[in-house]
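Remarks on the overall topology
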Amino acid sequence: MQARGWWCMDKIIIQGGRRLTGSVKASGAKNAALPLLAASILVDGPVVYRRIPHLRDISTMMTLLAWQGADVTYDDQHCLHVDTRPSTKPEAPYDLVKTMRASSLVLGPLLARFGSARVSLPGGCAIGARPIDMHLKGLEAMGAEIEVEQGDIIARVDGRLQGAQIVFDQVTVTGTENLMMAAVLAAGETTLDNAAREPEIVNLADSLRALGARIEGDGSNRITICGVERLQAGEMTTIADRIEAATYLAAGLITGGDVTVTGISPTLLEAFLARVKEAGATVESGDDFIRCAAEKRLKAVDIHTLPHPGFPTDLQAQFMALMTLAEGTSVVRETIFENRFMHVQELARMGAEIRLDGNTAIVTGQSRLQGAQVMATDLRASASLVLAGLAAEGETTISRVYHIDRGYERIEEKLRRLGASVERQSASENWMHGAKLQA
Ligand code: EPU
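Because the structure is a prediction, the values reported are computed rather than measured.

Note: strand 6 (residues 91-92) against strand 7 (residues 116-120), two bridges, orientation parallel. Within strand 7, the position partnered with alanine 92 by the bridge is valine 119. Here strand 7 pairs with strand 9 (residues 152-156) via five bridges, running antiparallel. Within strand 9, the position partnered with valine 119 by the bridge is isoleucine 153.

Structure (structure tokens):
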């Protein structure tokens with residue numbers, strides 16, 4: 001990320017070593033809410049959204065929809081109202097796309113509704129190159145003509161998009177979502193093979209079905225969509241954020257504590273829960289809660305990341321933080337993104353022993369970590385530093401926390417509720433602190 005405004009200079013300061021106990025409520029999932037919001041472009045009427053988290057990425061998507069001309073209002077009950085009928089600009093400009101790659105989720109819906117779209121190409125990002133070639137190939141198979149001009153994707157179609165048989169070369173979450181949305185208003189039937197099976201895909205399909213879409217097979221690797229003429233007004237509700245929930249459960253485990261997350265079904269976190277159980281954690285769950293407790297030091301276990309239902313790449317950094325204090329040596333293999341180990345150097349500053357070998361990290365568990373000054377480099381890497389800071393002796397200061405704010409709603413407040421000592425130092429306080437030091 002390039003230099004930003006003063007607000008990006010916020011820091012989180014943690015006094016580590018407190019055992020976390022108690023209960024927190026899961027927020028709505030960022031990665032489910034973003035495609036649901038993009039889907040509003042397809043709807044011929046207002047949509048009421050429930051369980052929308054207060055997050056930077058959500059504000060970016062709201063800004064993008066409003067910029068296109070939609071009426072967007074957010075009340076303080078995590079409820080959002082969007083009506084895209086007044087939208088006139090089928091575009092996503094660079095200034096918005098560069099702050100959030102998921103802005104490219106509007107490409108399929110814009111093309112389906114307006115017959116044309118101009119969406120800035122998302123560049124590389126910290127965790128890898130992350131191209132969107134499979135999204136584009138799929139839209140071409142549905143009859144779109146696509147060119148890239150001055151860094152923008154320009155897509156057009158004569159009349160309606162046409163149903164097509166699309167086989168993804170590799171499993172892609174937002175690619176599956178983009179093409180599923182495009183296919184909802186296309187003429188005829190579309191099949192998506194080797195489709196992503198993430199719960200966020202099922203949430204999107206359920207929501208679109210409630211507005212009149214005809215979709216089958218979501219949650220499996222073959223999704224079939226039969227295009228309809230229009231989607232009618234209605235409601236969409238976001239599922240719980242499984243990554244956020246697991247991060248709080250890991251916060252309990254890394255501090256030898258006992259944390260319950262409510263408002264989430266354990267079926268969303270099977271791979272994670274299986275691994276922490278294997279590591280020796282006590283896991284208890286009901287339809288709408290998950291409890292994890294560490295009655296003794298965790299044992300090292302190996303993970304490798306995979307598309308759902310495998311172990312999620314979005315929890316790799318947090319799991320690695322847990323393993324830095326486990327008994328024994330753990331092998332963590334990242335198979336989804338080529339550069340998702342940026343937390344390793346920062347964890348090492350806190351006393352973690354981690355050796356990197358290509359896409360594999362070999363973590364030798366230590367008996368303690370020490371607080372240090374560390375830097376957040378991407379969203380989930382930041383979460384791993386928070387976890388390490390909670391368990392470390394002494395004070396940890398995490399800078400560049402704007403990464404955390406993209407995906408964790410009121411993180412300090414939720415952690416404090418569990419007994420953590422966590423403060424946010426805002427940029428203006430940092431500045432005043434600096435000024436005082438110089439005086
Ligand atoms: N890929 C391509 N070409 C494409 C699309 C993807 O080569 O056209 C590659 C990617 O570079 C990557 C792999 O395929 O190596 C899988 O990427 P995918 O498309 O599934 O990732 P994404 O859809 O861009 C979503 C989440 C990510 C999460 C991944 C994997 C959203 C908004 N983002 O990204 O979430 O890590 O799926 O599960 O849903 C996060 O929340 O921190 C985050 C990065």
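Our next topic: the sheet that holds strand 10 (residues 165-167). What the four strands build is an open sheet, ordered 10-11-13-12; its pairing is mixed. Each of the sheet's edge strands pairs with one partner strand only, and the pair in question is strand 10 and strand 12 (214-216). Strand-to-strand, the axes of this sheet are offset by a mean angle of 15°, without reference to chain direction. Both strand 12 and strand 13 (residues 222-226) contribute to a ladder of three bridges, which runs antiparallel. Each bridged residue has a counterpart across the sheet, and for arginine 214 the counterpart in strand 13 is cysteine 226.

All chains considered together, the criterion is met by 26 salt bridges. The salt bridge partner of arginine 50 is glutamate 235, with a shortest N-O separation of 3.0 Å. Residue arginine 50 is found in strand 3 (residues 46-50), and its partner glutamate 235 is found in strand 14 (residues 234-237); the two are separated by 185 residues along the sequence. A salt bridge links arginine 85 to aspartate 83, with the nearest nitrogen and oxygen atoms 2.7 Å apart.

Moving on, we come to the domain arrangement of the protein chain. Each domain of the protein chain was delimited in the assignment, giving domain 1 (2-27 + 240-438) and domain 2 (30-237). Between the C-alpha centres of domain 1 and domain 2 there is a distance of 30 Å. On the side of domain 2, 19 residues touch domain 1, which itself brings 28 residues to the contact. Between domain 1 and domain 2 the total buried area reaches about 2,100 Å² when both faces are included, carbon and sulfur atoms providing 49% of it. Among the residues of domain 1 in contact with domain 2, His308, Arg406 and Glu409 are the three that bury the most area, contributing 30% of the side total. In this structure, the connection of domain 1 to domain 2 is made through two salt bridges. One can count 10 residue pairs in polar contact (both at pLDDT 80 or more) joining domain 1 with domain 2. At the level of secondary structure, the elements contributing two or more residues to the side of domain 1 that touches domain 2 comprise helix 12 (379-391) and helix 13 (402-405). Considered class by class, the residues forming the side of domain 1 that touches domain 2 number 11 nonpolar, six polar and 11 charged.

We now examine the site of the ligand. Around the ligand sit 22 residues in total, of which Asp133, Thr172, Thr174, Asp314 and Ile336 are the nearest. The contact in question runs from an oxygen atom of the ligand to an N or O atom on the backbone of methionine 134, over 2.7 Å. Valine 173 is positioned such that a nitrogen or oxygen atom in its backbone is 2.8 Å from an oxygen atom of the ligand. In isolation the ligand has 830 Å² of accessible area, and contact with the protein removes 88% of it. When residues of the shell around the ligand are traced back to their parent elements, those giving at least two are helix 1 (30-39), helix 5 (133-141), helix 6 (173-184) and helix 12. The element that contributes the greatest number of residues to the shell around the ligand is helix 5, accounting for three residues. Residue composition of the shell around the ligand, grouped by class: 10 nonpolar, six polar and six charged. Counting contributing residues per domain, the shell around the ligand is built from domain 1 (2-27 + 240-438) and domain 2 (30-237), each supplying no fewer than three.

So, on to the packing of aromatic side chains. Under the criterion given, the structure shown has two aromatic pairs. Taking the centre distance of 6.5 Å and the plane angle of 45° together, the rings of phenylalanine 272 and phenylalanine 311 count as tilted. Placement of the pair is phenylalanine 272 in helix 9 (residues 270-278) and phenylalanine 311 in the loop between strand 18 (303-304) and helix 10 (316-323), with a sequence separation of 39 residues. Like phenylalanine 272, the residue phenylalanine 311 is buried in the burial classification. Geometrically, the ring pair formed by phenylalanine 311 and phenylalanine 319 is edge-to-face, given 5.4 Å between the ring centres and 75° between the ring planes. Sitting over the ring of tryptophan 67, lysine 89 keeps its end group 4.0 Å from the ring centre.

This paragraph deals with empty space enclosed by the protein. Counting across every chain of the model gives two cavities of 30 Å³ or more. Of the pockets and cavities examined, the largest cavity occupies roughly 30 Å³. Lining the largest cavity are Thr313, Gln316, Ala317, Arg340, Phe341, Met342, His343, Asp378, Arg380 and Ala381. Elements supplying a minimum of two residues to the lining of the largest cavity: helix 10 and helix 12. Considering only enclosed or pocket space, the second largest cavity measures out at about 30 Å³ in volume. Thr247, Tyr248, Ala251, Ala383, Val386, Leu387 and Leu415 together form the lining of the second largest cavity. A breakdown of the residues in the lining of the second largest cavity according to their chemical character gives six nonpolar, one polar and no charged.

Of all the eight residues making up helix 4 (residues 107-114), six are buried; the element is thus mostly covered by neighbouring parts of the structure. Directly beyond the C-terminal end of helix 4, a positive phi value near 80° is found at glycine 115.

On to the layout of surface pockets, then. Of the voids in this model, the second largest pocket is the one considered here, and its volume is about 300 Å³. As for the second largest pocket, its lining consists of 21 residues, of which Leu253, Ile254, Thr255, Gly256 and Leu325 are closest to the centre. Elements that contribute at least two residues to the lining of the second largest pocket include exactly helix 8 (242-254) and helix 12. Its residues placed into classes, the lining of the second largest pocket shows 10 nonpolar, five polar and six charged.

The rules behind each value
- Residues numbered from 1 in each chain as written.
- Predicted model: local features only at pLDDT ≥ 70, side-chain atom pairs only at ≥ 80, totals over all residues.
- Heavy atoms only, no water.
- Pairing = 2+ DSSP bridges.
- Helix = DSSP H or I, 4+ residues; strand = E, 2+ residues; numbered from the N terminus.
- Axes fitted to C-alpha atoms, helices over the stretch in contact; angles between N-to-C directions.
- Salt bridge = Lys/Arg side-chain N within 4 Å of Asp/Glu carboxyl O.
- Domains from an automatic or database assignment.
- Contact = heavy atoms within 4.5 Å.
- Buried area = accessible area lost by both parts, 1.4 Å probe.
- Polar contact = N/O pair within 3.5 Å; in protein donor to acceptor, adjacent residues only side chain to side chain.
- Nonpolar A, V, L, I, M, F, W, Y, C, P; charged D, E, K, R; others polar.
- Near = heavy atom within 4 Å.
- Areas by Shrake-Rupley, 256 points an atom, 1.4 Å probe, with all protein chains shown as cover.
- Phe/Tyr/Trp six-rings, centres within 6.5 Å; stacked < 30°, edge-to-face > 60°.
- Buried < 20%, exposed > 50% of the residue type's maximum accessible area, 1.4 Å probe, protein only.
- Lys NZ or Arg CZ within 6 Å of the ring centre and 35° of its normal.
- 1 Å grid on protein atoms, 1.4 Å probe; cavity = no way out; pocket = protein on both sides within 12 Å on 5 of 7 lines; lining within 4 Å.
- Points joined across faces, edges and corners; volume = space filled by probe spheres on them.

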